Amino acid sequence: MSTIAIPKLKLVEILDKIKESYLLVAPVRNQGILDFAVVKEAAEIELSNDIAYKSPKEYLFPQVEKILRFTSEGGLTPSEEVPQTVLLGIKPCDLEAIKIMSAVFTTGKYIDTGFANRLEKTILVGLGCTEEKSACFCDERTVDKALSKDCDVFLTDRGNYYAAEIFSQKGQKLLDGFCLEIINDGERVKEIQQGLLEINAEENDLFNKIDWERLTEKCLGCGICTYICPTCHCFEFKDVVEKKGAVTRYKCWDSCMYPRFTLHASGHNPRESKQDRYRQRVLHKYLYVKQNFGYTACTGCGRCIRSCPVGMNIHSVVKEINNILNVKGEN
Ligand code: SF4
Ligand code: SF4
């Protein structure tokens, strides 16, 4: 691992050069909203303490992805080529989310080749936060806002330059050839916070002792919280029949907050009510992903809280659950 200094005055020039070889995706402000976008000119990139409205998950797990195309003659066309990409300005909470999604999609019995392929061809460049934004609770979710090593390069704002910590060969290759000064920044240690927000309770108690109906009274079932969440990863397949007997299969984001999400062909729906669906959303994040992959699938990014039209708050809900069950959420 080495650290180099990237002078802010040279950053645009360097990024424009990188853009000649890679698809560059970074936070860009459009009509006042900061969001990840494919960069046309490096000068339009905004690297700041602000968090992008959406996480960059769609660049690894697209909202709509063409999987394959087949015809009545039986021909199969594999999915599209993925470009070499640099994903720049990813906050530590969103790097944590990519780590969780990687565990879900690339470990265990089934590998999602689309996600794995995109991740392999993507260079992740992180960016530290200087302070928390409203509704952020990353400090209670093991995320150090100032540093993450779950990336290829991590940038820290040092006034007139960025300290770029390089954690992989991919990161080294990206910055090779720019004649940048190596600085001795010393090994920074990730500060793990105490007092973590978790759910350490039995599933039976969570089903039977919590008044989910009251907790979800306000919820509209709009699904925004799932679409905006950097760790939500449910999807469905859609076959679109074209003319001349050809079919294209798409993989599309889905939401556990929608009534038809678990609707069976028989007409039975195991999660018929709103409270069943919201309970699933909370327990999937705080119980099931942890049981299956070892991570709690909530980074404390606060996006679902900031975006919910009726003010539902997963942070308060988890705290209330722990209070009701009288269990400590802390590790
Ligand atoms: S964004 Fe809010 S109202 Fe919409 S489904 Fe999620 S919790 Fe319910
Ligand atoms: S559940 Fe909410 S706070 Fe947690 S990662 Fe998803 S959007 Fe962020």
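A short tour of the structure in this document, coming up. Here the structure is a predicted model, which means the values were calculated and not measured. (Residues numbered from 1 in each chain as written. Chains lettered and ligands numbered in written order. Predicted model: local features only at pLDDT ≥ 70, side-chain atom pairs only at ≥ 80, totals over all residues. Heavy atoms only, no water.)

**Focus: the site of ligand 2**
Then, in step 1: Surrounding ligand 2, one finds Phe-137, Cys-229, Pro-230, Arg-281, Lys-285, Cys-298, Thr-299, Gly-300, Cys-301, Gly-302, Cys-304 and Ile-314.
Then, in step 2: Here the residues of the shell around ligand 2 are counted per class, giving seven nonpolar, three polar and two charged. (Near = heavy atom within 4 Å. Nonpolar A, V, L, I, M, F, W, Y, C, P; charged D, E, K, R; others polar.)

**Notes on the site of ligand 1**
Then, in step 1: Ligand 1 sits among Cys-219, Leu-220, Gly-221, Cys-222, Gly-223, Ile-224, Cys-225, Met-257, Cys-308, Pro-309, Val-310 and Met-312.
Then, in step 2: Among the cavities detected, the one that contains ligand 1 is the largest cavity.
Then, in step 3: When the residues that make up the shell around ligand 1 are grouped by side-chain class, the tally is ten nonpolar, two polar and no charged. (1 Å grid on protein atoms, 1.4 Å probe; cavity = no way out; pocket = protein on both sides within 12 Å on 5 of 7 lines; lining within 4 Å. Sits in = over half its atoms within 2 Å of the grid points.)

**As for the sheet that holds strand S4 (residues 64–71)**
Within a sheet, each strand pairs with its neighbour through backbone hydrogen bonds, oriented either parallel or antiparallel.
Then, in step 1: Taken in spatial order, the four strands line up as S5-S4-S12-S11 in an open sheet, and their pairing is antiparallel. This sheet does not close on itself; its edge strands, each paired only once, are strand S5 (76–77) and strand S11 (235–241).
Then, in step 2: Where S4 and strand S12 (residues 246–253) come together, seven bridges link them in antiparallel fashion. Following the sheet pairing, Arg-69 is matched in S12 by Thr-248. (Pairing = 2+ DSSP bridges. Helix = DSSP H or I, 4+ residues; strand = E, 2+ residues; numbered from the N terminus.)

**Observations regarding the layout of surface pockets**
Then, in step 1: Considered as a void within the structure, the largest pocket measures approximately 530 Å³ in volume.
Then, in step 2: Forming the walls of the largest pocket are 25 residues, and the residues nearest its centre are Pro-62, Glu-65, Val-82, Gly-114 and Arg-118.
Then, in step 3: Among the elements of the structure, S4, helix H3 (113–120) and S11 are those that each provide at least two residues to the lining of the largest pocket.
Then, in step 4: Here the lining of the largest pocket is built from residues that sort into nine nonpolar, seven polar and nine charged. (Points joined across faces, edges and corners; volume = space filled by probe spheres on them.)

**Notes on the pattern of salt bridges**
Then, in step 1: The final tally for this structure, using the stated rule, is 22 salt bridges.
Then, in step 2: Of the charged contacts in the structure, one is a salt bridge between Lys-99 and Asp-150, with a shortest N-O distance of 3.5 Å. Of this pair, Lys-99 sits in helix H2 (residues 92–106) while Asp-150 sits in the loop between strand S7 (122–127) and strand S8 (153–157), and the two are 51 residues apart along the sequence.
Then, in step 3: A relative accessible area of 24% places Lys-99 in the partly exposed class. (Salt bridge = Lys/Arg side-chain N within 4 Å of Asp/Glu carboxyl O. Buried < 20%, exposed > 50% of the residue type's maximum accessible area, 1.4 Å probe, protein only.)

**Digging into the environment of Cys-256**
Then, in step 1: Topologically, Cys-256 is positioned in the loop between S12 and helix H8 (274–293).
Then, in step 2: For Cys-256, a relative accessible area of 10% gives the class buried.
Then, in step 3: Along the backbone, Cys-256 and Asn-204 are 52 residues apart, and their C-alpha atoms lie at a distance of 20 Å.
Then, in step 4: Leave out the neighbours within four places in its chain, and Cys-256 touches Thr-226, Phe-261, Arg-277 and Arg-281. (Contact = heavy atoms within 4.5 Å.)

**A closer look at H2**
For the α-helix, the turn length of 3.6 residues means that residues three or four positions removed from each other point alike.
Then, in step 1: The terminal C-alpha atoms of H2, which comprises 15 residues, lie 20 Å apart, in line with the 21 Å expected from a rise of 1.5 Å per residue.
Then, in step 2: With its phi angle positive at about 90°, Gly-108 sits one or two positions after the end of H2. (Expected span 1.5 Å × (residues − 1).)

**Points about the packing of H8 against helix H10 (residues 314–325)**
Then, in step 1: Axis separation between H8 and H10 bottoms out at 12 Å; the angle between their running directions is 80°. Classified by the angle between their axes, H8 and H10 sit roughly perpendicular to one another. On H10, the residues that touch Tyr-278, Val-282, Lys-285 and Tyr-286 of H8 are Ile-314, Val-317, Val-318 and Ile-321. (Axes fitted to C-alpha atoms, helices over the stretch in contact; angles between N-to-C directions. Parallel < 35°, antiparallel > 145°, perpendicular 65-115°, else oblique.)

**What about the sheet that holds strand S9 (residues 161–166)?**
Then, in step 1: Strand order in this open sheet of eight strands is S3-S2-S6-S7-S8-S9-S1-S10, and the pairing throughout is mixed. The open sheet has two edge strands, strand S3 (33–38) and strand S10 (181–183), and neither has a second partner. Here the average twist between neighbouring strands, direction ignored, is 30°.
Then, in step 2: As defined by bridge partners, S7 adjoins S8 across three bridges and the pair is classed as parallel. Within S8, the position partnered with Leu-127 by the bridge is Leu-155.

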